[in-house]
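Summary of the model geometry
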Amino acid sequence: MNHSKYLANVLSIALLSVSASSATHAADPQLPPEVYGRYTSGGDCTKQPRIIVDKAGVHLDTAAGQRTSLPIAVSFTAIGGINYDGIQIWAWVKHGGKDRYGDDNAPVILTFNAGEKLGALSAERSAPGTERPVALDGPLTSIVQAASFHLCSADGR
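Scoring rules and cut-offs
Residues numbered from 1 in each chain as written. Predicted model: local features only at pLDDT ≥ 70, side-chain atom pairs only at ≥ 80, totals over all residues. Heavy atoms only, no water. Phe/Tyr/Trp six-rings, centres within 6.5 Å; stacked < 30°, edge-to-face > 60°. Helix = DSSP H or I, 4+ residues; strand = E, 2+ residues; numbered from the N terminus. Buried < 20%, exposed > 50% of the residue type's maximum accessible area, 1.4 Å probe, protein only. Disulfide = S-S within 2.5 Å. Polar contact = N/O pair within 3.5 Å; in protein donor to acceptor, adjacent residues only side chain to side chain.

A few words now on the packing of aromatic side chains. All chains considered together, the criterion is met by 2 aromatic pairs. Seen in terms of ring centroids, Tyr-39 and Phe-112 are 5.7 Å apart; in terms of plane orientation they differ by 70°. Their pairing is edge-to-face. A residue pair is termed long-range when its members are at least 10 positions apart, and Tyr-39 in strand β1 (residues 37-40) and Phe-112 in strand β7 (residues 108-112) qualify at 73 residues. Given a relative accessible area of 2%, Tyr-39 falls into the buried group. With a relative accessible area of 0%, Phe-112 lands in the buried category.

Inspection of the entire model under this criterion finds 1 disulfide. Two residues share a disulfide in this structure: Cys-45 and Cys-152, whose sulfurs sit 1.7 Å from each other. Across the S-S bond of Cys-45 and Cys-152 the torsion is about 80°, and the bridge reads as right-handed. Separated by 107 residues along the polypeptide, Cys-45 in the loop between β1 and β2 (50-54) and Cys-152 in the segment after β9 (148-151) bring together distant segments of the chain. Here Cys-45 and Cys-152 have matching classes, each one buried.

With that settled, the discussion passes to helix α2 (residues 138-146). Looking at α2, one finds that the buried residues are Pro-139, Leu-140, Ser-142, Ile-143 and Val-144. For α2, the side-chain oxygen to backbone nitrogen distance between the N-cap and Leu-140 is 3.1 Å, and the N-cap itself is Asp-137. Just beyond α2, the residue with positive phi is Ala-147, at close to 70°.

This is the structure we're talking about:
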């Protein structure tokens, strides 16, 4: 194969890789339907803050305001390791621009089925103290302060 034909093939493969890669990152990943529902402290949906998870995304309803469709990156096994087979599902909330490597800041981790307990949800800061802290807005601050949530009962209370 001559050199120019080789370079053309390499460029074609590189362009295909880039376009496939950008197509996969076009939309935020969705959480699985088994974690859909409303979560509050103690599972009492009359309380705030509330975290609502549905097909449209993750939404917050707090005294500090509302946020809809939090941009998230989801990992089903990264924290648990390659052989993890539990029920926890992790979602990193993207917020506050880019980190020093050019990746999205993800200062909040939502852990569904936290502690391997069905319906439990925890919200915590990601890697606290290892990077310059990303300022959170009011709704995100309130869920991190509450930290522990439970799926609301079927009757909404």
